[in-house]
Amino acid sequence: MLDALNYEFIQNAIIAGLLVSFASGIIGSLIVVNRMVFLAGGIAHTSYGGIGVAVYFGFPIFLGASLFAVSAALLMAYITLNERNRIDTFIGLIWAVGMAIGIILIDLTPGYNVDLMSYLFGSILAVNNEDIYVMAGLLAVIIFVIVFWYREILAVSYDSEYASLRGINVKLFYTIILVLSALTVVVAIKVVGLILVIALLTIPIYIAEKLSDSLGSMMFASGILSSIFTLLGLWLSYNYDLTSGASIIMVSALSLGLFLLGNKLVKYTY
Amino acid sequence: MSILSIKDLSFGYEKDLVLEDINLTVEKRDFLAIIGPNGGGKSTLLKLILGVNKIKSGEMKVYDKDVTSTVTSFGYVPQNTNINIDFPIKVIEVVLMGHIQSNKPLFGYGKSETACAMGSLAKVGMEEFANSRIGSLSGGQRQRVMIARALCSNTDVLILDEPTSSIDVEGQRQIYDLLKVLNETITIIVVSHDISIILNYATKVAHVNKTLTFHDVKNKKEFGQHGLFDVSDEHFCEVELLQMLNDGSKKKSCKC
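As a starting point, this report considers the structure included with it. (Residues numbered from 1 in each chain as written. Chains lettered and ligands numbered in written order. Predicted model: local features only at pLDDT ≥ 70, side-chain atom pairs only at ≥ 80, totals over all residues.)

**Topic: the pairing of strand S7 (residues 157–161) of chain B**
Residue and element names in this part refer to chain B.
Next, step 1: Of all the 5 residues making up S7, 5 are buried; the element is thus mostly covered by neighbouring parts of the structure.
Next, step 2: Side chains of S7 alternate between two faces, with Val157, Ile159 and Asp161 and Leu158 and Leu160 buried alike.
Next, step 3: Pairing between S7 and strand S8 (residues 187–191): 5 bridges, direction parallel. Bridged to Leu158 within S8 is Ile188.
Next, step 4: Once you follow S7 into helix H5 (residues 169–182) and on to S8, the crossover reads as right-handed. (Buried ≥ 20, exposed ≤ 12 C-beta atoms within 10 Å, placed from the backbone. Helix = DSSP H or I, 4+ residues; strand = E, 2+ residues; numbered from the N terminus. Pairing = 2+ DSSP bridges. Right-handed = clockwise from strand over helix to strand, strands pointing away.)

See the structure below:
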């Protein structure tokens, strides 16, 4: 097993897994406490439109996906902040249209035969050096934003009404959270794929929330848990020749099941 | 200098007026209760006072000055303290939100800010819970934390929106006893349905139902000894109160 660590693609996969785990742990915490899970799901699926555009016009897929995801995030921020009544309808709509654009553009691309499955379910073993630079850069940006605006983000997330009375620009921070979510979703697509990304942004976070007494420690615990699940999933995927993204999600889901069961047992015994 | 003075204020979200010709003055160390039916405009008046709604006609002065900033100088305690119970946040972090954002350190919280927050917690008797998770507290304890947060904004005025709506009876009494102590140094404005308790603490009552009717209860409390305000079961409803206030005013020819 340890020989595997000598392969560059395995090393890259491990580094990428750790970087994405911490990015999704931090941002996932914000998504969960702000009840934006459905929005994040919408952004993830809309980014497929960007993949289609990138393939059709022949520019980097990461760029296309980011453009679409960030646009979707801005649109959703605008809708949630201004059009309170039918948020879920609009998000569902953006979600489906994004995917439709992606599929049609890929249909139209002559001689296209890239493995679609890798975007839907991830391809962590195909991570290259540039991907790692992008992931590291994003994680650095996320950590910077969280460190410098922790109290504003905390106030907006916990009690946005009060935050605005205290002079915090609630709309701005809400939009920042959504845009960072969009970028995190895009890098996480590489690891678990756009269909499974929502699990990475919720399962470790849910467990971490129960174990933490502050938003900061929840973010850190999410990152650690996510890393463990990702590395375990990767190991299973390598040993038994399974799809890496699905393995990571199944490890997470099983851990969540054990955690909930353990919680119930603890409650019974006391 | 009055804390708050509102003159001839009318307000509506669309065509219809929600509030009409409101006149209200709040002096230092008043304990003002704003009462009235649901949909009568209490919340709208509160939002105007807090600067969330912008004034369209009439005038409002805070400390004899026009309101320009959107950041209210009043300490606000929201109605629903049961939001985000699962949120992983410590009591002290909630209180620290009271500080105004403009003079904050580069990151984290300043030493003086933390000291001030602990002081506010001590004032409401919650300092031992500073590092507890907010969700582990009872409704009444959480309400105290929200009061501490409002005190933390360095204010002389506390505004509370239905402070006891989600608390048990014992917790309500504790909250009002706390407010009574705080009222020795600061002004308190409470929006509430809870007439029986308000009567024991409030010095002024404003009844808002599109228009505002003002009652100075402080003086009238003296009539209580003559039977006007004797409430044997500690509870009576708004209508009876208003009838009594009206009765009293006819006798004493005050124009409400």
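**A word on the interface of chain B and chain A**
Next, step 1: Taken together, the 21 residues of chain B in the interface contact 22 residues of chain A.
Next, step 2: When grouped by side-chain class, the residues that make up the side of chain B that touches chain A number 12 nonpolar, 5 polar and 4 charged. (Contact = placed C-beta atoms within 7 Å. Nonpolar A, V, L, I, M, F, W, Y, C, P; charged D, E, K, R; others polar.)

**Focus: unusual backbone geometry**
Residues and elements named next belong to chain B.
Next, step 1: Even without being a glycine, Tyr63 presents a positive backbone phi close to 50°.
Next, step 2: Relative to the helices and strands, Tyr63 resides in the loop between strand S4 (57–62) and strand S5 (65–66).
Next, step 3: Although it is not a glycine, Glu162 sits at a positive phi angle of roughly 45°.
Next, step 4: Within the secondary structure, Glu162 is located in the loop between S7 and H5.

**Focus: the pairing of strand S9 (residues 204–209) of chain B**
Residue and element names in this part refer to chain B.
Next, step 1: Direction of pairing for strand S3 (residues 31–35) relative to S9: parallel, over a ladder of 4 bridges. Counted as the bridge partner of Ile34 is Ala206 from S9.
Next, step 2: Pairing of S9 with strand S10 (residues 211–216), which is carried by 6 bridges, proceeds in the antiparallel orientation. Directly across from Lys204, in S10, lies its bridge partner Asp216.

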